[in-house]
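A closer look at the structure
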Amino acid sequence: MLAIRKAEDRGISKFSWLRSQHTFSFGGYMDPQNLGFSDLRVINEDQVVPGAGFGTHGHRDMEIISYVISGELALKDSLGTGSVIRPGDVQRMSAGTGVMHSEMNASEEKSVHFLQIWILPEEKGIAPGYEQKHFAPNTRQDQWRLVGSRDGREGPVTIHQDVSLYAATLSAGKRLTYDLLPNRKAWLQVVKGELQLDGQTLLAGDGIAFSDLDSFAVTSRHAEISETDSETVSPETVILLFDLAD
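Once a new chain begins, its residue numbering starts again from 1 and follows that chain's sequence as written. Only residues with pLDDT of at least 70 get local features here, since the model is predicted, and only at 80 or more are side-chain atom pairs given and counted; chain-wide, interface and lining totals rely on the full set of residues. Side-chain metrics rest on all non-hydrogen atoms present in the structure, leaving aside hydrogens and water.

Turning our attention to the nonpolar core. To define a nonpolar core, start from buried Ala, Val, Leu, Ile, Met, Phe, Trp, Tyr and Cys residues and group those joined through side-chain atoms within 4.5 Å. When accessible area is computed with a 1.4 Å probe and restricted to protein chains, residues below 20% of their type maximum are described as buried, those above 50% as exposed, and intermediate ones as partly exposed. Ranked by internal contacts, the top residues of the largest apolar core, which has 25 residues, are Leu40, Tyr67, Ile117, Ile119, Trp187, Leu240 and Phe242. Looking at this core, the elements that each hand over two or more residues are strand 4 (40-48), strand 6 (63-70), strand 11 (112-119), strand 15 (163-170), strand 17 (184-192) and strand 22 (237-245). Strands here are runs of E lasting at least two residues and helices are runs of H or I lasting at least four, both read from the DSSP assignment and numbered beginning at the N terminus. In terms of residue count, strand 22 provides more of this core than any other element does, four residues in total. Grouped together as the second largest cluster of nonpolar side chains are 20 residues, Val190, Leu195, Leu202 and Ile208 included.

This part covers the side chain of Asp61. Locating Asp61 in the fold gives a position in the loop between strand 5 (53-59) and strand 6. Two N or O atoms form a polar contact when they lie within 3.5 Å of each other; inside protein one atom must be a possible hydrogen donor and the other a possible acceptor, and for residues adjacent in sequence the pair counts only when both atoms belong to side chains. Engagement of the side chain of Asp61 in a polar contact is seen with the backbone nitrogen of Gly125, the distance being 2.8 Å. Sequence-distant contacts of Asp61, defined by excluding residues within four places in its chain, comprise Ala95, Gly96, Pro121, Lys124 and Gly125. Only heavy atoms enter the contact rule, under which two residues are in contact if any of them lie within 4.5 Å.

Of note in the backbone geometry, Ser38 takes a positive phi value of approximately 55° without being a glycine. Inspection of the secondary structure assignment puts Ser38 in the loop between strand 3 (18-22) and strand 4. Owing to a relative accessible area of 22%, Ser38 belongs among the partly exposed residues under this scheme.

Next up on the list: the pattern of salt bridges. Within this document, salt bridges are pairs made up of a side-chain nitrogen of Lys or Arg and a carboxyl oxygen of Asp or Glu, the two lying within 4 Å of each other. Within the structure shown, the criterion is met by 14 salt bridges. Across the pair Arg10 and Glu45 runs a salt bridge whose closest N-O atoms are separated by 2.8 Å. Of this pair, Arg10 sits in the loop between strand 1 (2-5) and strand 2 (11-14) while Glu45 sits in strand 4, placing them 35 residues apart in sequence. We note that Arg10, like Glu45, is buried. Residue Arg150 pairs with Glu122 through a salt bridge whose shortest N-O separation is 2.4 Å.

Of the two site types, the cavity is a set of points on a 1 Å grid over the protein atoms alone where a 1.4 Å probe fits but cannot get out, and the pocket is an open set with protein on both sides within 12 Å along at least five of seven lines, each lined by residues with an atom within 4 Å of a point. Grid points are joined across faces, edges and corners, and a volume is the space filled by probe spheres set on the points. Within this model, the second largest pocket holds a volume of roughly 220 Å³. Lining the second largest pocket we find 15 residues, and of these Tyr67, Arg140, Thr169, Lys192 and Val238 sit closest to its centre. Elements that contribute at least two residues to the lining of the second largest pocket include exactly strand 6, helix 1 (137-140) and strand 17. The element contributing the most residues to the lining of the second largest pocket is strand 6, with three residues.

To continue, consider the sheet that holds strand 3. Pairing between two strands is assigned when DSSP locates at least 2 bridges connecting them. What the seven strands build is an open sheet, ordered 2-3-4-11-6-9-12; its pairing is antiparallel. A single partner strand is all that each edge strand has here, and the edge strands are strand 2 and strand 12 (129-134). Ignoring which end each strand starts from, the neighbouring axes of this sheet average 15° apart. Pairing analysis gives five bridges linking strand 3 to strand 4, with the strands arranged antiparallel. Every axis corresponds to a line fitted to the C-alpha atoms, with the helix fit spanning only the stretch in contact, and the corresponding angles, defined between N-to-C directions, vary from 0 to 180 degrees.

Let us look at the environment of Gln189. Residue position: Gln189 is located in strand 17. Taking relative accessible area as the criterion, Gln189 reaches 2% and is therefore assigned buried. With 20 residues separating them in the primary sequence, Gln189 and Ala209 have C-alpha atoms 9.1 Å apart. Excluding residues that lie within four positions of it along the chain, Gln189 makes contacts with Arg10, Thr23, Ile43, Gly205, Asp206, Gly207, Val238, Ile239 and Leu240. A polar side-chain atom of Gln189 sits 3.2 Å from the main-chain carbonyl oxygen of Gly205.

In terms of burial, strand 3 is largely enclosed, as four of its five residues are buried. Bridge analysis of strand 2 against strand 3 gives four bridges, and the strand direction is antiparallel. From the neighbouring strand, Gly11 faces strand 3, where its bridge partner is His22.

Okay, structure coming up:
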């Protein structure tokens, strides 16, 4: 079984400095039909104007993953940690017993576009901590690259939950398959570009839930790019895949 969550059906929050689209219920956006998927609780697609961002605020008992699509995101926290996340980076923050942090656009000239992902931890009350790694383009070009997992195999960031997170960048016409083990399900998020799945076209911001399947396949669809939209349409397709416990 598969179910498609279209980008235009997501919740949305708009402010002078922020445009945020919510795949699942978040903040003031409540949708009883979309509260999460397995242990995946939040996928927010955020765009923050230059020089602005989320001031200091608190989290606890959540695995928070930041994935920058374009621009640069600067983070600081109450543990003394500070970093800048750029495209190709994956950062995991374990909020655990509690942490205060801020997320700001690192540029005074360009917007930052990123995904904020929340996953429930296996255990409450763990020590707060961070991990950030860069994954070179060639390691995820036309293939699945493991960028987050519970056991840290293959060098990704460690997530304190039974989840495997993969990233892939697909050239036009590239087909990828994925095999699901018994008692597993998957969520695929289209980050950039276009996909074909069972004769349907999926666009950036769309999400697909897979369950009770042995395998599935997606194909990157070539997008015709004119001069006027060359900065907003990607000739490649970028996807994230979450393999989760059923």
